[in-house]
Each structure stands twice: as C-alpha cells, then as structure tokens.
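# Architecture at a glance
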Amino acid sequence: MRVLVLGATGYVGSRLVPHLLEHGHEVVAASSSAPDPERFGWDERVRAIRCDVTDETAVTEAVDGVDAVVYLVHSLARTDFTDRDRIGAEVVAAAVAASGVRRLVYLSGLVPGVPEAELSAHIASRLEVERILLGATEDAVALRAGVVLGAGSTSFEIIRQIATLFVVQPVPLWMRSSVQPVAVSDVLRAIREGLEVESLRGAVDIGGPDVLAYPDLMQACGRGAGLTRLRVPAFVAPSGLVGLATALSTTAPFHTVTALIESLRHDMVCRPGATWVPRTGGPLVGVEEAVRRATDPSYGGPEAALPSDPTWTRPHPLLDAVPLPASTRAVARLALHRAGQLLDT
C-alpha cells in the first residue's frame, strides 16, 4: 500500500514512517517544510515532500497516486491552532473525497464523557477535525489516544519533567481524574491496523492496559528515573494558574502546555465497546514497561528518544558529563533552556 503520512516529521510520524516500511508499505513522508531524510534516518524507499495541509494545490498533488492517508497534523504550539487545524482538515478531506484514496487514518484524542461545551479547546478541536475527516470517506478511522508514552512525546515529557524537577509535588485535587496512557509502539500498531483492517472505521479509542490517576502516572515516571517524590494535595489551584506554573517549570512550548493542562479535569479513558483490540503482535504495553523503555539508554525501540526529536525534550549536552542529583540536573536543564530562549530573542 502506498501511504501518504501528513505530519511525518512529528513525534509519532517520525516513528511511523520506518514502522510502515518494515511492514511492506511504500511511504510518502510530508510536512509543512520539506523533510530532510538524513535527519530522520530514512532511506531511498521514502519519498519526502513539502505539503502544508492548508495549501489546496499542495494537498491535491500529495494525495495523487496514494492508496491511503495518515493525518498526524496538530498545531498546539500556535495560539490559532483551532482555526488552522480546522482549515487543514477541510482541505485534506476535500482532496481525499475527490481522489481515489482508499483509506484515511487520523490520530485523534480521547474524548471525555461530558457535554461538548465542557471540553477543553484542545479536545474540542481534535473532535472537530475528527468529524471533518471522517466525513471525507466511509473508509476513514479516527484513533483516539490520550497520553502517549515514550521519550520525546510531548505529554510524556511534560509529566516526566514535572515528576523529576520537584522533590515535593503539589497536585491539584481536580487532577485526580483517571487516564489511560498508551505506549507509542502500540499507537504505531493501531495506525498500521487502521490502514490494513477494513472493519476498523469511525471513532475508535486506543489505550494501554492500565488506568490510573495523573499523580500515579507521575509516580511511575519518578520510579522510572529511580526517584522518590512526595505528592501533596493543593486545595486551591485554578487550571489557568496550574497551566502557567507548568509551562514555566518545563522546557515544553508554552501554548502547548497551557492547552494540554485544560484537558486534565476529566477522565481520559477508553469507551467500553469502542476500544481497539490488536489483531497483530503481542499484548499491549503497560505503563511501567513503557516508562522503562523510555528511560533505558540501551533500548532501541519506538519508545526510545530519536536524534530528530525536538531539542526541548532532550538532555542538555553541557550536563551530560556532569554528575548531578536528578533534581539539580532538572533545574539546571530548565535554566539553560530559558537562557537559550533569551539569547534567541
């Protein structure tokens, strides 16, 4: 199958391209700027192209001659992400509807069981894009995922940095909601099955075998780093203030953090009867194993860091050779990141 991967240079996309190649698919890797195959370790089997999903001409040319499209484009780092993601989805949906594309797979987000008016802007946007893309063809599937576990994953790295930085971690009471994380290796498997299994259609939830509260996920990340941390309840903690504090305490893009924090008020778990069950491979990867893989330098699978991951997710090179306690290292890494930002402005 010839597959167009839109958003191929992002966290999931950079891992999906070699995964699809390993399973015998041809890949056209597309991103808003022309991808550098050498940066991602892609060989001559990958056709790398520039394709801004808001550009009708570019999208029409990109879908020509492909059998399937994987849509991995999200614009959370921008303040106008809602409008941009809507326009991109509309352009791609129109091109797919007018072409001979057989299959469309979108990596969406888990949707909590609350009235839509209560959804965060981030989740509401994912749901809007999902509906647009599912309307493009009957053979479309939206795979809804929550926290994706793996080094370099935005949600995982934010949680890991917070779990490492503070010895005493204040946790808002409203963050006791449940989450069902999924290892990135299982996300790749679900996307591939979304391309190959015709019965997978509509909105399908994907999650790992473990359901836990956010503080317990932070604890699992701490254990993965060999750290003991104390979590205490914070009785007064508005989500806006928590988002600001988290953004200032991590190296992640500011707007990405604040958008994600708004999604933590509700349970983010898979729906019974609408959850993906793997057709291939072994059992789903649990939280402890996924965190172990993400923190083990000797592990070389999808959960491991890649050189192409964003610089904010990687340790600072100046700190690699310095023996420091974990918290001191985390503080130093954050300080160096902030200093670099000031120099760039």
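Criteria and thresholds
- Residues numbered from 1 in each chain as written.
- Predicted model: local features only at pLDDT ≥ 70, side-chain atom pairs only at ≥ 80, totals over all residues.
- Heavy atoms only, no water.
- Phe/Tyr/Trp six-rings, centres within 6.5 Å; stacked < 30°, edge-to-face > 60°.
- Buried < 20%, exposed > 50% of the residue type's maximum accessible area, 1.4 Å probe, protein only.
- Helix = DSSP H or I, 4+ residues; strand = E, 2+ residues; numbered from the N terminus.
- Arc of directions from axis to C-beta.
- Contact = heavy atoms within 4.5 Å.
- Axes fitted to C-alpha atoms, helices over the stretch in contact; angles between N-to-C directions.
- Parallel < 35°, antiparallel > 145°, perpendicular 65-115°, else oblique.
- Nonpolar A, V, L, I, M, F, W, Y, C, P; charged D, E, K, R; others polar.

### Overview of the packing of aromatic side chains
- Summed over the entire model, instances satisfying the criterion amount to two aromatic pairs.
- When the centroid spacing of 4.8 Å and the interplanar angle of 20 degrees are considered together, the rings of F40 and W42 count as stacked. The pair F40 / W42 is uniform in exposure class, with both members buried.
- Judged by centre distance (5.7 Å) and plane angle (65 degrees), the rings of Y71 and Y106 are edge-to-face. On the criterion of sequence distance, the pair formed by Y71 in strand β4 (residues 68-71) and Y106 in strand β5 (residues 103-109) is long-range, its members being 35 residues apart. Comparing Y71 with Y106, the two get one shared label, buried.

### A word on helix α11 (residues 287-295)
- Listed as buried for α11 are V287, A290, V291, R293 and A294. Looking down the long axis of α11, one finds its buried residues gathered within 160 degrees of arc, a one-sided arrangement.
- Residues of α11 that are buried in the fold lie against β7 (148-149), α6 (154-165), β10 (182-183), α7 (184-196), β12 (212-213) and α8 (214-224).

### Re the packing of helix α4 (residues 81-97) against helix α5 (residues 121-134)
- Across the interface, α4 lies against α5 with an axial gap of 9 Å and an inter-helix angle of 10 degrees. Overall, the two elements α4 and α5 adopt an arrangement that is roughly parallel. Of the residues in α5, those touching α4 at F81, T82, D85, R86, A89, E90, V92 and A93 are A121, H122, S125, E128, V129, I132 and L133.
- Per-class residue counts for the contact of α4 with α5 are eight nonpolar, three polar and four charged.

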